[in-house]
Amino acid sequence: MLALASAALALTPPPVRRPAPALLRDRQPTWSNPQGATLTQIREDVWLAERPFYPTLPGLQGTDVGCKMCVVRLPDGTLWVHAPVALDDALRRALAELGEVRHIVTPNTEHQKWAAPWILEFPDAASYAPPGLREKKPEVGWKRSLEELCDLGVTSSAPPAEWGGAIQLCWLKDRVPLTSVPFFNEVVFAHVPSRTLIVTDLWWNYPSSDDVPTSSKIWKAAMDNIYRPVYNRLMRGPNWDESYDTIMGFDFDYIAPCHGEPVATDGKAVLARHLAKIAS
């Protein structure tokens, strides 16, 4: 009987999120923060801060497109923060319980809104801008550019020693269609111990469940059916395929996105289908 139970447990897919006790809920649950938690653990030493997000673009101010910040606890016990969200007292307390914020990463040009407040809040932390943005916006106060870490403009064989060997990175160059102008200029990361790929706008996974508002479902349809084909056909910049191969060479099965639901298994196949590298 015990052997059967163990076999059944082995066949059970890992949870997308680790369940949070109701007593720990400190926010109103929404589709973009389904547990109503300030931080939600997804893997060992990896958490998400899931929040509603309303774009400032005309016509989208009432559409919750959701956003997620990723927090990684490094081997030395300090915290590495990816794509910061708005700081509030509950988040400050939750972070303080996990460790000291020592690394603040802005992974692409789109997710820069809260970089400056975080840099001011944690002045001793190393802060990283996406390639090209530190020079354009020195007022934000980033201390370094992720571009400095990328050999040949693609990947890094030696991330900062302070990351303790726990984080890999790869610059994925995209561009505005039919031009050479960079678009998101995203740097993708992998947390080695938990086999988690951390992405910003390269991959999204908006749900279509009944609790998702109609406007958010329309946004999902536009991203899936309009933006995705345009990206795959017209927006891949120089060295894109080399970067893709580098990312697929990382050892990951879990994908933690900034938008939509995480994926707990078969992450490489999911990403390859999304980027039209294998048939859907």
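You'll find the structure just up there.
What you see is a predicted model, and the numbers here were worked out from it, not measured in a lab.

Procedures and definitions
- Residues numbered from 1 in each chain as written.
- Predicted model: local features only at pLDDT ≥ 70, side-chain atom pairs only at ≥ 80, totals over all residues.
- Heavy atoms only, no water.
- Helix = DSSP H or I, 4+ residues; strand = E, 2+ residues; numbered from the N terminus.
- Rg over C-alpha atoms; globule rule 2.2 N^0.38 Å.
- Contact = heavy atoms within 4.5 Å.
- Areas by Shrake-Rupley, 256 points an atom, 1.4 Å probe, with all protein chains shown as cover.
- Lys, Arg positive; Asp, Glu negative; His and termini not counted.
- Charge placed at Lys NZ, Arg CZ, Asp CG, Glu CD.
- Salt bridge = Lys/Arg side-chain N within 4 Å of Asp/Glu carboxyl O.
- Buried < 20%, exposed > 50% of the residue type's maximum accessible area, 1.4 Å probe, protein only.
- Patch = residues over 30% accessible without salt bridge, like charges linked within 9 Å, V, L, I, M, F, W, Y side chains within 5 Å.
- Core = buried A, V, L, I, M, F, W, Y, C linked by side-chain atoms within 4.5 Å.
- Pairing = 2+ DSSP bridges.
- Axes fitted to C-alpha atoms, helices over the stretch in contact; angles between N-to-C directions.

Peer 1: Account for the overall build of the chain, naming residues and giving values.
Peer 2: Check the secondary structure of the chain and you find seven helices and 11 strands. For 280 residues, the compact-globule estimate of 2.2 N^0.38 gives 19 Å, and the chain sits close to it at 19 Å. Its C-alpha atoms give the chain principal-axis dimensions of roughly 60 × 45 × 40 Å. When contacts within the chain are restricted to residue pairs at least 6 apart in sequence, long-range pairs at least 24 apart make up 53% of them. A total accessible area of about 13,300 Å² is found for the chain, and carbon and sulfur atoms account for 57% of it. Where the 28 positive side-chain charges of the chain centre and where its 32 negative ones centre are 3 Å apart.

Peer 1: Account for the pattern of salt bridges, with residues named and values stated.
Peer 2: Inspection of every chain in the model, using the stated rule, returns 12 salt bridges. Measuring nitrogen to oxygen at the nearest pair gives 2.7 Å for the salt bridge that ties Arg27 to Asp88. Here the residue Arg27 occupies a position in the loop between α1 (2-11) and β1 (40-43), and Asp88 occupies one in the loop between β4 (79-82) and α2 (89-98), the gap between them amounting to 61 residues. According to the relative accessible area criterion, Arg27 is partly exposed, its value standing at 22%. Lys220 is the partner of Asp224 in a salt bridge, and the nearest nitrogen-oxygen pair spans 2.8 Å.

Peer 1: Quick rundown of a nonpolar patch on the surface? Include the residues and the values.
Peer 2: Judged by side-chain polarity, Leu178, Ile226, Val230 and Leu234 come together as a nonpolar surface patch covering roughly 390 Å² of accessible area. Inspection of the secondary structure puts Val230 in helix α5 (residues 214-234). Taking relative accessible area as the criterion, Val230 reaches 31% and is therefore assigned partly exposed.

Peer 1: Account for the nonpolar core, with residues named and values stated.
Peer 2: In terms of nonpolar packing, the biggest core is built from 31 residues, with Leu197, Tyr231, Ile247, Phe252 and Leu271 touching the most fellow members. At the level of elements, β8 (167-172), β9 (186-191), α5, α6 (240-249) and α7 (267-274) are the ones that each hand at least two residues to this core. Of the residues forming this core, the biggest block, four residues, is contributed by α6. In this structure, Tyr231 is in contact with Leu172, Asp174, Leu202, Arg236, Trp240 and Leu275, ignoring residues within four places of it in sequence. Listed in part, the 23 residues of the second largest apolar core include Ile42, Val72, Tyr128 and Trp163.

Peer 1: With reference to specific residues and values, describe the pairing of strand β3 (residues 67-73).
Peer 2: Along β3, six of the seven residues are buried, which leaves the element largely enclosed by surrounding structure. Relative to β3, strand β2 (residues 46-51) runs antiparallel, the two being bridged by six bridges. Looking at β3, one finds that Leu48 is bridged to Cys70. Across four bridges, the pairing between β3 and β4 is antiparallel. Looking across to β4, one finds that Val71 is bridged to Val81. The turn joining β3 and β4, which pair antiparallel and follow one another in sequence, is formed by five residues; a positive phi near 90° is taken by Gly77.

Peer 1: I'd love a proper account of the sheet that holds β1, names of residues and values included.
Peer 2: Spatial strand order, β1-β2-β3-β4-β5-β6-β7: seven strands in an open sheet with mixed pairing. Here the strands that pair on one side only, and so sit at the sheet edges, are β1 and β7 (144-145). As paired elements, β1 and β2 share three bridges and run antiparallel to each other. Paired with Gln41 across the bridge in β2 is Trp47. Against the sheet, α2 contacts β2, β3, β4 and β5 (101-105), and its axis sits at roughly 25° relative to β3.

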